[in-house]
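Geometric and topological summary
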Amino acid sequence: MSGIRGKVVAITGASSGIGAETAAHLAERGARLVLGARRADRLNAVVEAITDKGGTATGVIVDVTRREDLQRLTDTAVHRFGRLDVLVSNAGTMAVSPFDDLCQDDWDAMVATHITGLLNGIGAALPVFRRQRSGQFVNIGSTAAYVVKPPQGVYAATKTAVKVLTEGLRQESGPDLRVTLVSPGFTHTGGVGKGASPEVAAAMIRQRDEIAMPPAAVASAIAYAIEQPEGVDVSEIVVRPTVQA
Ligand SMILES: NC(=O)c1ccc[n+]([C@@H]2O[C@H](COP(=O)([O-])OP(=O)(O)OC[C@H]3O[C@@H](n4cnc5c(N)ncnc54)[C@H](OP(=O)(O)O)[C@@H]3O)[C@@H](O)[C@H]2O)c1
């Protein structure tokens, strides 16, 4: 199966930002969506906006740090649509702060969301993909995995782990599966600065408003990777605003 129409795509972190934009973008192109996030009201609004326009989407309350939640997400795809073609692991938190602030709960949340969350997705989807002898992982990294800037040390480390896990998975995936890393730069979403210390948040939001690209830029990069013919793996896309260093 190539193209986007008819593909069953599960997306984590679909209640806002890049995930919500990607859901809308893929729905317009005929994908059937299973959307996961923790905030029921935001997730329902995304599902409704898609179905109101004639698209196909189901919401599942998912905390990616919980293994059983990812299992429920992929089970929903298989029960409702009979298959799962793509898992977009997008859920993330950018609660960055200087090390001296010792925001250890935020460090733990970044490790749990980006690393454990990604592994939970792999654990849930890989057996489905192997059974089908087809499937695609699209993992959302960050340019922070390429250029480390203060105070993003922990965030950058966890996104570096996403990059490494994606490449390791790709090398083991064999001829039937596709594995893609999409690494966005500064993107105009509500997640920028969310949970960060006040001064850091203010600086990030200021910079976002000056230079960030729209989330549609990331959504179309994800769509590009998905729509390639079977047997063609777009392994890595870095998409950033031209002005970003
Ligand atoms: N914006 C940027 O500049 C930028 C740049 C590079 C990479 N990224 C990456 O892009 C991804 C999306 O970020 P965004 O900018 O779109 O921010 P966002 O609007 O805050 O979106 C983050 C999404 O992740 C979900 N999420 C967070 N923790 C979760 C958990 N434990 N379980 C399930 N869902 C969870 C949130 O939903 P709930 O709160 O409803 O669960 C939300 O839907 C992240 O991985 C981020 O690191 C963003």
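Look above for the structure.
First, a word on what this report is: a plain description of the structure on this page.

Definitions and cut-offs
- Residues numbered from 1 in each chain as written.
- Predicted model: local features only at pLDDT ≥ 70, side-chain atom pairs only at ≥ 80, totals over all residues.
- Heavy atoms only, no water.
- Helix = DSSP H or I, 4+ residues; strand = E, 2+ residues; numbered from the N terminus.
- Rg over C-alpha atoms; globule rule 2.2 N^0.38 Å.
- Buried < 20%, exposed > 50% of the residue type's maximum accessible area, 1.4 Å probe, protein only.
- Contact = heavy atoms within 4.5 Å.
- Areas by Shrake-Rupley, 256 points an atom, 1.4 Å probe, with all protein chains shown as cover.
- Patch = residues over 30% accessible without salt bridge, like charges linked within 9 Å, V, L, I, M, F, W, Y side chains within 5 Å.
- Salt bridge = Lys/Arg side-chain N within 4 Å of Asp/Glu carboxyl O.
- Lys, Arg positive; Asp, Glu negative; His and termini not counted.
- Charge placed at Lys NZ, Arg CZ, Asp CG, Glu CD.
- Pairing = 2+ DSSP bridges.
- Axes fitted to C-alpha atoms, helices over the stretch in contact; angles between N-to-C directions.
- Expected span 1.5 Å × (residues − 1).
- Arc of directions from axis to C-beta.
- Core = buried A, V, L, I, M, F, W, Y, C linked by side-chain atoms within 4.5 Å.
- Phe/Tyr/Trp six-rings, centres within 6.5 Å; stacked < 30°, edge-to-face > 60°.
- Lys NZ or Arg CZ within 6 Å of the ring centre and 35° of its normal.
- Near = heavy atom within 4 Å.
- Polar contact = N/O pair within 3.5 Å; in protein donor to acceptor, adjacent residues only side chain to side chain.
- Nonpolar A, V, L, I, M, F, W, Y, C, P; charged D, E, K, R; others polar.
- Parallel < 35°, antiparallel > 145°, perpendicular 65-115°, else oblique.
- Left-handed = near helix turned anticlockwise from the far one by under 90°.

A short note on the overall build of the chain
Scanning the chain for helices and strands turns up seven helices and seven strands. Reading the helices (α) and strands (β) of the chain from amino to carboxyl end gives β-α-β-α-β-α-β-α-β-α-β-α-α-β. For the chain, the C-alpha radius of gyration of 17 Å lies close to 18 Å, the compact-globule estimate for 245 residues. Projected onto the principal axes, the alpha-carbon positions of the chain cover approximately 50 × 40 × 35 Å. Considering the chain as a whole, with its 245 residues, one finds that 51% of them fall into the buried category. Long-range contacts, defined here as pairs at least 24 residues apart, represent 69% of the contacts in the chain between residues at least 6 apart. Accessible surface computed for the chain: about 11000 Å², of which carbon and sulfur atoms make up 52%.

Concerning a positive patch on the surface
There is a patch of like positive charges on the surface, built from Arg38, Arg39, Arg42 and Lys194. Exposure remark for arginine 39: the relative accessible area of 30% places this residue in the partly exposed category.

Observations concerning the sheet that holds strand S4 (residues 86–89)
Taken in spatial order, the seven strands line up as S3-S2-S1-S4-S5-S6-S7 in an open sheet, and their pairing is parallel. At either margin of the open sheet sits one strand with a lone partner, and together these are strand S3 (56–61) and strand S7 (236–239). Pairwise comparison of adjacent strand axes, ignoring direction, gives a mean angle of 15 degrees for this sheet. Pairing geometry for strand S5 (residues 135–140) and strand S6 (residues 177–184), over six bridges, is parallel. Looking across to S6, one finds that glutamine 136 is bridged to arginine 178. Each of strand S1 (8–12), strand S2 (32–37) and S6 touches helix H1 (residues 17–28); the most contacted strand, S1, lies at about 165 degrees to it.

Re helix H3 (residues 67–81)
Here H3 contains 15 residues, and its C-alpha end-to-end distance of 21 Å stays within 8% of the 21 Å for a straight helix at 1.5 Å per residue. Buried within H3 we find Asp69, Leu70, Leu73, Thr74, Thr76, Ala77 and Phe81. On an axial view of H3, the arc spanned by its buried residues comes to 145 degrees, and they lie on one face. Turned more than 90 degrees away from the buried face of H3 sit Arg67 and His79, all of them exposed. Next to the buried residues of H3 lie S1, S2, S3, S4 and helix H4 (104–132). One or two positions beyond H3, positive phi appears at glycine 82, with a value near 85 degrees.

Details of the nonpolar core
If you look at soluble globular proteins, the nonpolar side chains tend to sit buried side by side. If you look at the biggest cluster of nonpolar residues, it comprises 33 residues, and the most contacted ones within it are Ile11, Leu26, Leu33, Leu35 and Val182. For this core, the secondary-structure elements that each account for two or more residues are S1, H1, S2, helix H2 (40–52), S4, S5, helix H7 (215–227) and S7. The element that contributes the greatest number of residues to this core is H7, accounting for six residues. If near-sequence neighbours (up to four positions away) are discounted, leucine 33 is found in contact with Val9, Ile11, Ala23, Leu26, Ala27, Ile50, Thr56, Ala57, Thr58 and Phe81. Val34, Leu118, Ile122 and Leu177 belong to the second-largest nonpolar core, a separate cluster that totals 25 residues.

Some thoughts on the packing of aromatic side chains
For any pair of aromatic rings, the description consists of the separation of the ring centres together with the inter-plane angle of the planes. Inspection of the entire model under this criterion finds two aromatic pairs. Ring geometry for phenylalanine 129 and phenylalanine 137: centres 4.9 Å apart, planes at 70 degrees, overall edge-to-face. Judged on exposure class, the residue phenylalanine 129 and its partner phenylalanine 137 are both buried. Its end group placed over the ring of tyrosine 146, lysine 163 keeps NZ or CZ at 4.8 Å from the ring centre.

What about the site of the ligand?
Near the ligand lie 29 residues; those nearest to it are Ser15, Ile18, Arg38, Tyr155 and Thr189. Within the contact set of the ligand, an oxygen atom lies 2.9 Å away from a side-chain nitrogen or oxygen of serine 16. Side-chain polar atom of aspartate 63 to a nitrogen atom of the ligand: 3.0 Å apart, as the coordinates give it. Isolated, the ligand exposes 870 Å² of accessible area, and the fraction of that covered by the protein chains is 96%. When contributions to the shell around the ligand are tallied by element, the ones reaching two or more residues are H1 and helix H5 (153–172). Considered class by class, the residues forming the shell around the ligand number 12 nonpolar, 13 polar and four charged.

Quick look at the packing of H1 against H7
Between H1 and H7, whose axes approach to 8 Å, the crossing angle comes to 55 degrees. The angle between H1 and H7 falls in the class oblique. The chirality of how H1 crosses H7 is right-handed. On H7, the residues that touch Gly17, Ile18, Glu21, Thr22, His25 and Leu26 of H1 are Pro215, Ala216, Val218, Ala219, Ser220, Ile222, Ala223 and Ile226. For the contact of H1 with H7, the per-class residue count stands at nine nonpolar, four polar and one charged.

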